[in-house]
Amino acid sequence: MTLSKPPLSGIRVIELARVLAGPWAGQILADLGADVIKVENPDSGDETRAWGPPFIEGKDGENLSAAYYHSANRNKRSIAVDFRTDDGQDIVRRLIASADVVIENFKVGGLKKYGLDYDSLKDINPKLVYCSITGFGLTGPYAGFAGYDYIVQGMSGFMSITGTPDGEPMKAGVAIADIFTGIYAATAIQAALIHALKTGEGQQVDMALLDVMSGVLANQNLNYLVSGKAPSRLGNAHPNIAPYEVIPTADGHLILAVGNDGQFRRLCTILGIEALADDERFATNKARVAHKPELREIVTGETVKWHKQDLLTACEANAVPAGPINSIAEMFSDPQIVDRGLRIDLDDDCGNSIPSVRTPIVLSKTPLAYNRPSPRIDENRDDILAELAELEGKKST
(Lines give C-alpha, C1' and ligand atoms only; values in the text may rest on other atoms or scores of the structure.)
Protein backbone atom coordinates (compact mmCIF):
# COMPACT_ATOMS: atom_id res chain seq x y z
CA MET A 1 0.00 0.00 0.00
CA THR A 2 1.37 3.42 -0.97
CA LEU A 3 0.88 5.99 1.73
CA SER A 4 0.05 9.59 0.86
CA LYS A 5 1.63 12.67 2.32
CA PRO A 6 0.29 13.90 5.68
CA PRO A 7 -3.17 15.44 5.23
CA LEU A 8 -2.19 19.08 5.76
CA SER A 9 0.80 19.02 3.40
CA GLY A 10 0.86 22.28 1.43
CA ILE A 11 -0.82 24.29 4.20
CA ARG A 12 1.29 27.09 5.65
CA VAL A 13 0.80 28.30 9.23
CA ILE A 14 2.37 31.41 10.76
CA GLU A 15 2.56 30.97 14.52
CA LEU A 16 2.70 34.25 16.43
CA ALA A 17 2.20 32.39 19.69
CA ARG A 18 4.19 31.30 22.68
CA VAL A 19 3.98 29.25 25.87
CA LEU A 20 1.38 26.49 25.40
CA ALA A 21 -2.15 26.85 23.95
CA GLY A 22 -1.08 28.39 20.61
CA PRO A 23 2.07 26.29 20.19
CA TRP A 24 0.11 23.13 21.09
CA ALA A 25 -2.34 23.86 18.27
CA GLY A 26 0.58 24.64 15.95
CA GLN A 27 2.32 21.38 16.81
CA ILE A 28 -0.80 19.35 16.02
CA LEU A 29 -1.08 21.06 12.62
CA ALA A 30 2.66 20.54 12.02
CA ASP A 31 2.41 16.82 12.82
CA LEU A 32 -0.51 16.65 10.38
CA GLY A 33 1.83 17.98 7.69
CA ALA A 34 1.43 21.75 7.73
CA ASP A 35 4.49 23.97 7.33
CA VAL A 36 4.41 25.83 10.65
CA ILE A 37 6.69 28.87 10.85
CA LYS A 38 7.19 29.98 14.44
CA VAL A 39 7.84 33.73 14.65
CA GLU A 40 9.81 34.45 17.83
CA ASN A 41 11.06 37.40 19.81
CA PRO A 42 14.73 37.78 18.79
CA ASP A 43 15.81 38.55 22.36
CA SER A 44 14.77 35.32 24.07
CA GLY A 45 12.26 33.51 21.88
CA ASP A 46 9.35 31.59 23.32
CA GLU A 47 9.31 32.04 27.10
CA THR A 48 9.19 28.28 27.65
CA ARG A 49 12.73 27.94 26.28
CA ALA A 50 13.83 29.10 29.75
CA TRP A 51 11.21 27.19 31.78
CA GLY A 52 13.52 24.62 33.32
CA PRO A 53 15.12 22.58 34.62
CA PRO A 54 15.26 20.15 33.06
CA PHE A 55 17.01 21.46 29.94
CA ILE A 56 18.07 19.44 26.92
CA GLU A 57 21.81 19.51 26.47
CA GLY A 58 23.37 18.96 23.06
CA LYS A 59 26.27 16.59 22.53
CA ASP A 60 28.65 19.57 22.62
CA GLY A 61 27.16 20.95 25.84
CA GLU A 62 24.88 23.44 24.07
CA ASN A 63 21.70 24.42 25.90
CA LEU A 64 18.95 23.33 23.48
CA SER A 65 16.16 24.89 25.62
CA ALA A 66 13.95 23.54 28.37
CA ALA A 67 12.08 20.26 28.08
CA TYR A 68 8.87 22.31 28.42
CA TYR A 69 9.60 24.11 25.13
CA HIS A 70 10.23 20.83 23.34
CA SER A 71 6.85 19.46 24.46
CA ALA A 72 4.98 21.83 22.14
CA ASN A 73 7.20 22.92 19.24
CA ARG A 74 8.20 19.83 17.26
CA ASN A 75 8.12 19.87 13.44
CA LYS A 76 8.20 23.68 13.20
CA ARG A 77 10.63 26.16 11.68
CA SER A 78 11.76 29.31 13.49
CA ILE A 79 12.43 32.86 12.41
CA ALA A 80 13.19 35.69 14.86
CA VAL A 81 11.43 38.97 14.09
CA ASP A 82 11.10 42.18 16.07
CA PHE A 83 7.50 43.41 15.69
CA ARG A 84 8.53 46.81 17.06
CA THR A 85 10.42 47.67 13.87
CA ASP A 86 9.01 48.54 10.46
CA ASP A 87 11.22 45.88 8.86
CA GLY A 88 9.96 43.25 11.30
CA GLN A 89 6.33 44.12 10.69
CA ASP A 90 6.95 44.01 6.94
CA ILE A 91 8.46 40.51 7.14
CA VAL A 92 5.52 39.18 9.15
CA ARG A 93 2.96 40.75 6.79
CA ARG A 94 4.75 39.22 3.82
CA LEU A 95 4.77 35.82 5.50
CA ILE A 96 1.07 36.09 6.28
CA ALA A 97 0.24 37.17 2.73
CA SER A 98 1.53 33.79 1.55
CA ALA A 99 0.00 31.74 4.37
CA ASP A 100 -3.22 29.87 4.99
CA VAL A 101 -3.38 30.21 8.78
CA VAL A 102 -2.21 32.54 11.54
CA ILE A 103 -2.20 31.48 15.21
CA GLU A 104 -1.71 34.25 17.77
CA ASN A 105 -2.20 34.51 21.51
CA PHE A 106 -1.58 38.17 22.29
CA LYS A 107 -3.92 40.14 24.54
CA VAL A 108 -6.99 41.50 22.72
CA GLY A 109 -5.79 44.38 20.54
CA GLY A 110 -2.13 43.59 21.21
CA LEU A 111 -1.24 43.15 17.53
CA LYS A 112 -3.33 46.04 16.19
CA LYS A 113 -0.60 48.62 16.86
CA TYR A 114 1.70 46.61 14.60
CA GLY A 115 -0.87 46.21 11.84
CA LEU A 116 -0.92 42.46 12.44
CA ASP A 117 -4.50 42.05 13.67
CA TYR A 118 -7.12 40.26 11.59
CA ASP A 119 -8.81 43.41 10.29
CA SER A 120 -5.47 44.75 9.05
CA LEU A 121 -4.57 41.49 7.29
CA LYS A 122 -7.78 40.12 5.79
CA ASP A 123 -7.61 42.43 2.77
CA ILE A 124 -4.09 41.34 1.82
CA ASN A 125 -5.09 37.66 2.22
CA PRO A 126 -8.88 37.17 1.91
CA LYS A 127 -8.65 33.38 2.43
CA LEU A 128 -6.71 33.74 5.69
CA VAL A 129 -7.81 31.69 8.71
CA TYR A 130 -6.77 33.83 11.67
CA CYS A 131 -6.96 32.08 15.05
CA SER A 132 -6.86 34.29 18.13
CA ILE A 133 -6.33 32.49 21.45
CA THR A 134 -6.98 34.54 24.57
CA GLY A 135 -7.92 33.93 28.17
CA PHE A 136 -11.49 35.17 27.89
CA GLY A 137 -12.30 35.72 24.21
CA LEU A 138 -12.57 38.76 21.96
CA THR A 139 -15.82 39.95 23.53
CA GLY A 140 -17.33 40.25 27.00
CA PRO A 141 -16.42 42.15 30.17
CA TYR A 142 -13.20 40.18 30.70
CA ALA A 143 -11.96 40.44 27.11
CA GLY A 144 -9.13 42.83 27.99
CA PHE A 145 -7.86 40.77 30.91
CA ALA A 146 -4.80 38.52 30.68
CA GLY A 147 -5.76 34.86 31.07
CA TYR A 148 -3.66 32.15 32.67
CA ASP A 149 -4.30 28.42 32.73
CA TYR A 150 -4.23 28.10 36.52
CA ILE A 151 -6.66 30.99 37.03
CA VAL A 152 -8.98 29.63 34.36
CA GLN A 153 -8.98 26.19 36.01
CA GLY A 154 -10.34 27.96 39.08
CA MET A 155 -12.81 30.26 37.32
CA SER A 156 -14.28 27.49 35.18
CA GLY A 157 -15.50 25.42 38.11
CA PHE A 158 -13.00 22.66 37.41
CA MET A 159 -11.18 23.07 40.71
CA SER A 160 -14.45 23.04 42.63
CA ILE A 161 -14.93 19.40 41.59
CA THR A 162 -11.27 18.35 41.87
CA GLY A 163 -9.67 17.31 45.16
CA THR A 164 -10.83 15.56 48.30
CA PRO A 165 -14.06 16.69 50.00
CA ASP A 166 -12.21 17.83 53.11
CA GLY A 167 -9.18 19.27 51.29
CA GLU A 168 -8.51 22.40 49.28
CA PRO A 169 -9.63 22.74 45.65
CA MET A 170 -7.04 21.17 43.35
CA LYS A 171 -5.72 22.00 39.89
CA ALA A 172 -4.77 19.35 37.36
CA GLY A 173 -1.19 18.11 37.12
CA VAL A 174 -0.72 19.71 33.69
CA ALA A 175 -2.04 22.93 32.12
CA ILE A 176 -5.22 21.36 30.80
CA ALA A 177 -6.97 24.64 29.98
CA ASP A 178 -4.12 25.48 27.59
CA ILE A 179 -3.95 21.97 26.16
CA PHE A 180 -7.69 21.59 25.63
CA THR A 181 -7.76 25.05 24.01
CA GLY A 182 -4.93 24.04 21.68
CA ILE A 183 -6.81 20.91 20.65
CA TYR A 184 -10.08 22.78 20.07
CA ALA A 185 -8.16 25.49 18.19
CA ALA A 186 -6.62 22.91 15.85
CA THR A 187 -10.10 21.48 15.21
CA ALA A 188 -11.61 24.92 14.57
CA ILE A 189 -8.74 25.92 12.27
CA GLN A 190 -9.22 22.83 10.12
CA ALA A 191 -12.98 23.49 9.88
CA ALA A 192 -12.29 27.07 8.81
CA LEU A 193 -9.67 25.84 6.32
CA ILE A 194 -12.24 23.56 4.68
CA HIS A 195 -14.58 26.53 4.33
CA ALA A 196 -11.76 28.66 2.88
CA LEU A 197 -10.80 25.95 0.38
CA LYS A 198 -14.42 25.63 -0.73
CA THR A 199 -15.25 29.34 -0.93
CA GLY A 200 -11.98 31.30 -0.91
CA GLU A 201 -13.31 33.08 2.18
CA GLY A 202 -11.23 33.26 5.34
CA GLN A 203 -12.40 34.09 8.84
CA GLN A 204 -11.32 34.78 12.40
CA VAL A 205 -11.39 31.96 14.94
CA ASP A 206 -12.03 33.19 18.49
CA MET A 207 -10.75 30.72 21.10
CA ALA A 208 -11.00 31.47 24.83
CA LEU A 209 -9.45 29.40 27.61
CA LEU A 210 -12.41 30.07 29.91
CA ASP A 211 -14.92 28.99 27.24
CA VAL A 212 -13.03 25.77 26.65
CA MET A 213 -12.33 24.85 30.27
CA SER A 214 -15.94 25.55 31.23
CA GLY A 215 -17.22 23.61 28.23
CA VAL A 216 -15.28 20.41 28.89
CA LEU A 217 -16.87 19.74 32.29
CA ALA A 218 -19.21 17.39 30.41
CA ASN A 219 -21.52 15.40 32.68
CA GLN A 220 -20.77 17.68 35.65
CA ASN A 221 -22.18 20.65 33.73
CA LEU A 222 -25.34 18.72 32.92
CA ASN A 223 -25.58 17.37 36.45
CA TYR A 224 -25.90 21.00 37.57
CA LEU A 225 -28.17 22.17 34.74
CA VAL A 226 -30.59 19.29 35.31
CA SER A 227 -30.57 19.19 39.12
CA GLY A 228 -29.86 22.82 39.99
CA LYS A 229 -27.28 21.58 42.49
CA ALA A 230 -23.63 22.48 41.93
CA PRO A 231 -21.40 19.35 42.08
CA SER A 232 -18.78 19.23 44.80
CA ARG A 233 -15.38 17.61 45.27
CA LEU A 234 -15.54 13.82 45.58
CA GLY A 235 -11.86 12.95 45.59
CA ASN A 236 -11.42 9.95 43.31
CA ALA A 237 -15.09 8.93 43.38
CA HIS A 238 -17.47 9.41 40.44
CA PRO A 239 -20.62 11.52 40.83
CA ASN A 240 -22.81 9.23 38.71
CA ILE A 241 -21.35 5.71 39.00
CA ALA A 242 -20.33 3.39 41.86
CA PRO A 243 -18.01 1.73 42.66
CA TYR A 244 -15.87 3.89 40.38
CA GLU A 245 -12.86 5.10 42.36
CA VAL A 246 -9.41 4.39 43.76
CA ILE A 247 -9.45 1.47 46.19
CA PRO A 248 -6.82 0.12 48.60
CA THR A 249 -5.21 -3.31 48.43
CA ALA A 250 -2.70 -5.03 50.69
CA ASP A 251 0.24 -3.50 48.80
CA GLY A 252 -1.01 -0.33 47.13
CA HIS A 253 -3.95 1.16 45.27
CA LEU A 254 -5.72 0.49 42.01
CA ILE A 255 -8.63 1.94 40.05
CA LEU A 256 -11.97 0.16 40.03
CA ALA A 257 -14.32 1.35 37.29
CA VAL A 258 -17.55 -0.65 37.55
CA GLY A 259 -19.94 0.78 34.98
CA ASN A 260 -22.96 -1.53 35.05
CA ASP A 261 -24.83 -4.06 37.18
CA GLY A 262 -23.30 -7.11 35.47
CA GLN A 263 -19.81 -5.89 36.21
CA PHE A 264 -20.78 -5.24 39.82
CA ARG A 265 -22.15 -8.77 40.21
CA ARG A 266 -18.90 -10.22 38.86
CA LEU A 267 -16.88 -8.04 41.22
CA CYS A 268 -18.92 -9.32 44.16
CA THR A 269 -18.17 -12.89 43.09
CA ILE A 270 -14.43 -12.15 42.89
CA LEU A 271 -14.49 -10.64 46.38
CA GLY A 272 -16.63 -13.43 47.87
CA ILE A 273 -19.58 -11.15 48.70
CA GLU A 274 -22.05 -12.51 46.14
CA ALA A 275 -25.11 -11.60 48.22
CA LEU A 276 -24.28 -7.90 47.91
CA ALA A 277 -25.31 -7.92 44.25
CA ASP A 278 -28.91 -8.75 45.28
CA ASP A 279 -29.07 -6.34 48.22
CA GLU A 280 -31.60 -3.63 47.30
CA ARG A 281 -29.14 -0.96 48.49
CA PHE A 282 -26.63 -2.03 45.85
CA ALA A 283 -28.46 -3.99 43.14
CA THR A 284 -28.62 -1.06 40.70
CA ASN A 285 -26.24 1.77 39.89
CA LYS A 286 -28.79 4.33 41.14
CA ALA A 287 -28.97 2.53 44.48
CA ARG A 288 -25.18 2.16 44.71
CA VAL A 289 -24.67 5.90 44.14
CA ALA A 290 -27.24 6.64 46.88
CA HIS A 291 -25.39 4.35 49.30
CA LYS A 292 -21.85 5.09 48.23
CA PRO A 293 -20.20 5.34 51.70
CA GLU A 294 -21.67 2.01 52.83
CA LEU A 295 -20.69 0.38 49.55
CA ARG A 296 -17.11 1.62 49.78
CA GLU A 297 -16.73 0.33 53.33
CA ILE A 298 -17.87 -3.16 52.35
CA VAL A 299 -15.90 -3.37 49.09
CA THR A 300 -12.63 -1.99 50.47
CA GLY A 301 -12.95 -4.27 53.49
CA GLU A 302 -12.41 -7.11 51.02
CA THR A 303 -9.96 -5.52 48.57
CA VAL A 304 -7.40 -4.85 51.33
CA LYS A 305 -7.08 -8.63 51.69
CA TRP A 306 -5.77 -8.91 48.11
CA HIS A 307 -2.41 -8.14 46.60
CA LYS A 308 -2.78 -5.50 43.92
CA GLN A 309 -1.62 -7.58 40.96
CA ASP A 310 -3.70 -10.59 41.99
CA LEU A 311 -6.85 -8.47 42.13
CA LEU A 312 -6.07 -6.81 38.79
CA THR A 313 -5.57 -10.24 37.22
CA ALA A 314 -8.85 -11.53 38.66
CA CYS A 315 -10.74 -8.46 37.44
CA GLU A 316 -9.28 -8.79 33.96
CA ALA A 317 -10.18 -12.49 33.81
CA ASN A 318 -13.78 -11.68 34.77
CA ALA A 319 -14.30 -8.58 32.60
CA VAL A 320 -14.42 -6.17 35.55
CA PRO A 321 -12.79 -2.85 34.55
CA ALA A 322 -9.79 -2.12 36.76
CA GLY A 323 -6.34 -0.69 36.25
CA PRO A 324 -3.05 0.28 37.87
CA ILE A 325 -2.01 3.81 38.86
CA ASN A 326 1.26 4.27 36.99
CA SER A 327 3.95 6.83 37.45
CA ILE A 328 4.95 8.56 34.20
CA ALA A 329 8.05 6.35 34.16
CA GLU A 330 5.84 3.25 34.45
CA MET A 331 3.53 4.60 31.74
CA PHE A 332 6.39 4.90 29.25
CA SER A 333 7.44 1.33 30.09
CA ASP A 334 3.94 -0.08 29.70
CA PRO A 335 3.96 -2.64 26.84
CA GLN A 336 0.86 -1.07 25.29
CA ILE A 337 2.47 2.39 25.20
CA VAL A 338 5.69 0.87 23.84
CA ASP A 339 3.79 -1.01 21.13
CA ARG A 340 1.86 2.12 20.12
CA GLY A 341 5.11 4.07 19.77
CA LEU A 342 4.07 7.01 21.91
CA ARG A 343 7.68 8.00 22.53
CA ILE A 344 9.62 9.16 19.51
CA ASP A 345 13.23 10.38 19.24
CA LEU A 346 14.09 13.02 16.67
CA ASP A 347 17.56 13.84 15.34
CA ASP A 348 18.55 17.41 14.53
CA ASP A 349 21.12 18.53 11.97
CA CYS A 350 23.87 18.63 14.61
CA GLY A 351 23.70 14.98 15.63
CA ASN A 352 21.57 15.50 18.74
CA SER A 353 18.71 13.13 19.53
CA ILE A 354 15.76 14.81 21.27
CA PRO A 355 12.94 12.81 22.88
CA SER A 356 9.35 13.66 22.07
CA VAL A 357 5.80 12.31 22.37
CA ARG A 358 3.81 11.79 19.20
CA THR A 359 0.42 13.36 18.61
CA PRO A 360 -2.11 10.63 19.55
CA ILE A 361 -3.72 10.45 16.12
CA VAL A 362 -3.29 7.42 13.82
CA LEU A 363 -4.41 7.71 10.19
CA SER A 364 -4.24 4.65 7.95
CA LYS A 365 -3.83 6.41 4.58
CA THR A 366 -2.24 9.76 5.43
CA PRO A 367 -0.08 9.14 8.52
CA LEU A 368 1.37 11.97 10.51
CA ALA A 369 5.04 12.80 9.97
CA TYR A 370 7.71 13.63 12.53
CA ASN A 371 10.55 15.17 10.57
CA ARG A 372 12.37 17.48 12.96
CA PRO A 373 12.67 18.36 16.65
CA SER A 374 11.79 21.80 17.98
CA PRO A 375 13.89 24.50 16.27
CA ARG A 376 16.53 26.74 17.74
CA ILE A 377 15.70 30.47 17.74
CA ASP A 378 15.92 31.82 14.17
CA GLU A 379 17.27 28.49 12.94
CA ASN A 380 15.43 28.62 9.62
CA ARG A 381 15.60 32.35 8.77
CA ASP A 382 17.58 32.01 5.54
CA ASP A 383 15.41 29.22 4.12
CA ILE A 384 12.17 30.95 5.07
CA LEU A 385 13.14 34.30 3.55
CA ALA A 386 14.47 32.64 0.39
CA GLU A 387 11.23 30.71 -0.06
CA LEU A 388 9.23 33.88 0.57
CA ALA A 389 11.17 35.79 -2.09
CA GLU A 390 10.62 32.94 -4.53
CA LEU A 391 6.87 32.89 -3.86
CA GLU A 392 6.64 36.66 -4.27
CA GLY A 393 8.60 36.43 -7.50
CA LYS A 394 6.19 33.89 -8.94
CA LYS A 395 3.21 36.09 -8.02
CA SER A 396 4.70 39.14 -9.72
CA THR A 397 5.31 37.37 -13.04
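In short, a report on the structure. From a predicted model like this one, the values you see are computed outputs, not experimental measurements.

### Examining the sheet that holds strand 10 (residues 252-257)
Spatial ordering of the open sheet is given by 9-10-11, a layout of three strands whose pairing is antiparallel. Here the strands that pair on one side only, and so sit at the sheet edges, are strand 9 (244-249) and strand 11 (322-323). Pairing between strand 10 and strand 11: two bridges, direction antiparallel. In the strand pairing of strand 11, Ile255 is matched with Gly323. Packed onto the sheet, helix 12 (residues 308-317) meets strand 9, strand 10 and strand 11 and runs at close to 15° relative to strand 10.

### Remarks on the environment of Pro321
Here Pro321 lies in the loop between helix 12 and strand 11. With a relative accessible area of 28%, Pro321 lands in the partly exposed category. The spacing of Pro321 and Gln263 is 58 residues in sequence and 7.8 Å in space, taken between C-alpha atoms.

### As for the pairing of strand 5 (residues 76-80)
Regular strands place side chains that alternate from one sheet face to the opposite one. For strand 5, the buried fraction is high: five of the five residues fall into the buried class. Burial of strand 5 is two-sided: the residues Lys76, Ser78 and Ala80 facing one way and the residues Arg77 and Ile79 facing the other way are all buried. Relative to strand 5, strand 2 (residues 35-40) is paired through five bridges, and the arrangement is parallel. Looking at the pairing, Val39 lines up with Ile79 of strand 5.

### Observations regarding the packing of aromatic side chains
Given two aromatic rings, their pairing is described by the distance between the two centres and the angle made by the two planes. Summed over all chains, the structure comprises six aromatic pairs. Relative to Tyr142, the ring of Phe136 has its centre 5.6 Å away and its plane inclined at 75°; by these criteria the two rings are edge-to-face. We classify Phe136 as buried; its relative accessible area is 11%. Of the aromatic side chains, those joined through ring pairs into one cluster are Phe83, Phe106 and Tyr114. Looking at Arg18, its charged tip hangs above the ring of Phe106, at a distance of 4.6 Å from the centre. The aromatic ring of Tyr69 is capped on one face by Arg49, whose charged end is 4.0 Å from the ring centroid.

### Regarding the nonpolar core
Val13, Leu29, Val101, Ile103, Val129, Ile133 and Ile189 are the most contacted members of the largest nonpolar core, which has 39 residues in total. Contributing elements (two or more residues each) for this core: helix 1 (21-31), strand 6 (101-104), strand 7 (129-134), helix 6 (176-199), strand 8 (203-208) and helix 7 (209-215). Among the elements that line this core, the one with the most residues is helix 6, at eight residues. The residues touching Val13, leaving out its near neighbours within four places in the chain, are Leu29, Ala34, Asp35, Val36, Ile37, Val101 and Ile103. Leu16, Ile79, Ala99 and Ile384 belong to the second-largest nonpolar core, a separate cluster that totals 23 residues.

### Some remarks on the side chain of Ser65
Secondary-structure assignment places Ser65 in strand 4 (residues 63-66). A polar side-chain atom of Ser65 sits 3.1 Å from a polar atom in the side chain of Arg49. Ser65 has contacts with Arg49, Phe55, Ile56 and His70, leaving out every residue within four places of it along the chain.

### Comments concerning the side chain of Glu245
Here Glu245 is to be found in strand 9. Of note is the side chain of Glu245, whose polar atom sits 2.7 Å from the side chain of Arg296. If near-sequence neighbours (up to four positions away) are discounted, Glu245 is found in contact with Asn236, Ala237, Leu254, Ile255, Leu256 and Arg296.

### Focus: helix 6
Here helix 6 spans 34 Å end to end across 24 residues, near enough to the 34 Å set by a 1.5 Å rise per residue. Inspection of helix 6 places Ile176, Ala177, Asp178, Ile179, Thr181, Gly182, Ala185, Ala186, Ile189, Ala192, Leu193 and Ala196 among the buried residues, and these make up the whole buried set.

### Brief notes about the pattern of salt bridges
If you walk through the whole model with that rule in mind, you get 27 salt bridges. For Glu294, the salt bridge goes to Arg281, with nearest N and O atoms at 3.3 Å. With Glu294 in helix 11 (residues 292-303) and Arg281 in the loop between helix 9 (261-271) and helix 10 (285-290), this residue pair connects regions lying 13 residues apart in the sequence. Its relative accessible area of 32% is what places Glu294 among the partly exposed residues. According to the relative accessible area criterion, Arg281 is partly exposed, its value standing at 31%. Close ionic contact of Asp348 with Arg376 constitutes a salt bridge, the shortest N to O distance being 3.4 Å. Here Asp348 is found in the loop between strand 12 (343-347) and strand 13 (353-357), whereas its partner Arg376 is found in the loop between strand 13 and helix 15 (381-396), with 28 residues between them in sequence. Taking the relative accessible area as the measure of exposure, Asp348 reaches 13% and is therefore buried.

What counts and how
- Residues numbered from 1 in each chain as written.
- Predicted model: local features only at pLDDT ≥ 70, side-chain atom pairs only at ≥ 80, totals over all residues.
- Heavy atoms only, no water.
- Pairing = 2+ DSSP bridges.
- Helix = DSSP H or I, 4+ residues; strand = E, 2+ residues; numbered from the N terminus.
- Contact = heavy atoms within 4.5 Å.
- Axes fitted to C-alpha atoms, helices over the stretch in contact; angles between N-to-C directions.
- Buried < 20%, exposed > 50% of the residue type's maximum accessible area, 1.4 Å probe, protein only.
- Phe/Tyr/Trp six-rings, centres within 6.5 Å; stacked < 30°, edge-to-face > 60°.
- Lys NZ or Arg CZ within 6 Å of the ring centre and 35° of its normal.
- Core = buried A, V, L, I, M, F, W, Y, C linked by side-chain atoms within 4.5 Å.
- Polar contact = N/O pair within 3.5 Å; in protein donor to acceptor, adjacent residues only side chain to side chain.
- Expected span 1.5 Å × (residues − 1).
- Salt bridge = Lys/Arg side-chain N within 4 Å of Asp/Glu carboxyl O.

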